[in-house]
Amino acid sequence: MSRGSTGTGWAGRSSWRWCRGLGVQCAAVLGAALAATGAKPVAPPLGLAGELGQQRISPPFPQPSVPPLTEAAARRALLRFVAARRCYGSRAAAELVIRELRPRVTYRYRLETFSESRLSEWAFEPFTKPGASRPPGDVPPDLWDVEVGVPPLFQGQTRRCRVPRSALVRECHRCHGRGRSQCGACHGAGRARCVTCRGSRRRLKQQKRCQLCSGTGRSRCSTCSGRGSKTCTTCQGEKKLRHFRQLVITWRNNVFEFVSEHHPNFPGELLSKVSGENIFKDENVVVYPIVDFPEPAISRASRRAIAEHSAAFASSSRILRQRQTVERIPITEVHYQYSGKPYLYYIYGLENKVYALDYPERCCCGCTIV
């Protein structure tokens, strides 16, 4: 095992091999919210990811640590399921006769790629500190050279910070360096339509000359106090703006998940809501595809996941950490008989959740069955 690997071992008869990992360069995909700002992603230097060498380990296959489901446990799980639904009767669950328990196993593979992407966008603020702009010839650092603390692994986050030595002072583009802008309410006239007589020069219903505007129909603008202009909201009256590059760092946990084949009558989407027995975990800067897993679909999923993440995150970000896990999810088919008729329900996950499509004692059909 190469230095830094945290792969865990198994105990049993079967073994796995690892093949040469796909070349993974730094990568990430920007979110739609950041893309809307018009900022451009910044590709990291090619040397950040490094070259991948060969890595081969043979963890043994573990024996199941979760005991098989008993008839008593199967009945208790069904009773809990029925009690949570108003239109399900508990009599059938208490009196049914369990004929057979058929344990089945499915596997869930998950690849998590924790990536960091960087982009820069121009921002500005009122210039209030003379002499604080960038000296001539002072070059700002490369965006990937700006040191920023990394958040906890596999937890998404977005952070903004100022790029050092990137400030430039310019005249305010809104007020053109005057510090004041034209009032939008009176359009610079200083007077607007009288709010009392609404420009009619007389008070409504009384037909008397409006005292507020002295019969002119216009009064002093309340927005600018009659000045025709107001303090520029962009530069806040400072006449100049300090423009600077703002670095936007996005950490994202990208997840690939695959569940191996299960019983055709059991909805596979239910398995995403339960936990399984963790039988394998490998975490490193980059992980390597799994081969020769007892369930071949898991090996294929591992190769596909790593290839897809490599392709998706190969142009604008870097991979900080990867983690792949395999869980064994128990599924038990419970064949039972009630009132002389055969029925079937499933118990799945470590939580012993129940899926019963044709439960015999229901008074309506509007309940959720999962």
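Predicted model only: the values in this text are computed from it and were never measured.

Looking now at the layout of surface pockets. When its volume is computed, the largest pocket comes out at roughly 370 Å³. As for the largest pocket, its lining consists of 17 residues, of which Val66, Pro67, Pro68, Leu69 and Pro330 are closest to the centre. If you list the elements that add at least two residues to the lining of the largest pocket, you get β3 (97–126) and β15 (317–338). Counting residues per element, the lining of the largest pocket draws most heavily on β15, at four residues.

Once the charged atoms of two side chains with opposite charge are near each other, the side chains can pair. Under the criterion given, the structure shown has 15 salt bridges. Among the ionic pairs, Arg102 bridges to Glu100, the shortest N-O distance being 3.1 Å. Exposure remark for Arg102: the relative accessible area of 34% places this residue in the partly exposed category. For Glu100, a relative accessible area of 34% translates into the label partly exposed. The closest approach of N and O atoms between Glu257 and Arg110, which form a salt bridge, is 2.7 Å. Taken together, the residues span a long stretch of sequence, with Glu257 in strand β12 (residues 240–259) and Arg110 in strand β3 at a distance of 147 residues. Judged by its relative accessible area of 36%, Glu257 is partly exposed. Look at the salt bridges and you will find they share partners, linking Arg108, Arg110, Glu257 and Glu327 into a network.

The subject of this paragraph is the packing of aromatic side chains. Scanning the entire structure with this criterion turns up 11 aromatic pairs. Consider the rings of Phe266 and Tyr348, whose centres lie 5.0 Å apart with planes at 70°: the pair is edge-to-face. Taken together, the positions of Phe266 in the loop between β12 and β13 (277–284) and Tyr348 in strand β16 (residues 341–348) put the pair 82 residues apart, joining distant regions of the chain. The burial state of Phe266 is the same as that of Tyr348; both residues are buried. Aromatic side chains Tyr336 and Tyr343 sit 5.5 Å apart centroid to centroid with 20° between the ring planes, which places their arrangement in the stacked category. With relative accessibility at 2%, the residue Tyr336 sits in the buried group. The exposure class assigned to Tyr343 is buried, which follows from its relative accessible area of 17%. These aromatic residues form a ring-pair network of at least three members: Phe266, Tyr346, Tyr348 and Tyr355. The ring of Phe244 is capped by Arg162, whose NZ or CZ atom sits 3.9 Å from the centre of that ring. The ring of Phe154 has Arg323 sitting right over it, with the charged end atom 4.0 Å from the ring centre.

Conventions and cut-offs
- Residues numbered from 1 in each chain as written.
- Predicted model: local features only at pLDDT ≥ 70, side-chain atom pairs only at ≥ 80, totals over all residues.
- Heavy atoms only, no water.
- 1 Å grid on protein atoms, 1.4 Å probe; cavity = no way out; pocket = protein on both sides within 12 Å on 5 of 7 lines; lining within 4 Å.
- Points joined across faces, edges and corners; volume = space filled by probe spheres on them.
- Helix = DSSP H or I, 4+ residues; strand = E, 2+ residues; numbered from the N terminus.
- Salt bridge = Lys/Arg side-chain N within 4 Å of Asp/Glu carboxyl O.
- Buried < 20%, exposed > 50% of the residue type's maximum accessible area, 1.4 Å probe, protein only.
- Phe/Tyr/Trp six-rings, centres within 6.5 Å; stacked < 30°, edge-to-face > 60°.
- Lys NZ or Arg CZ within 6 Å of the ring centre and 35° of its normal.

That's the geometry; what it means functionally is another story.
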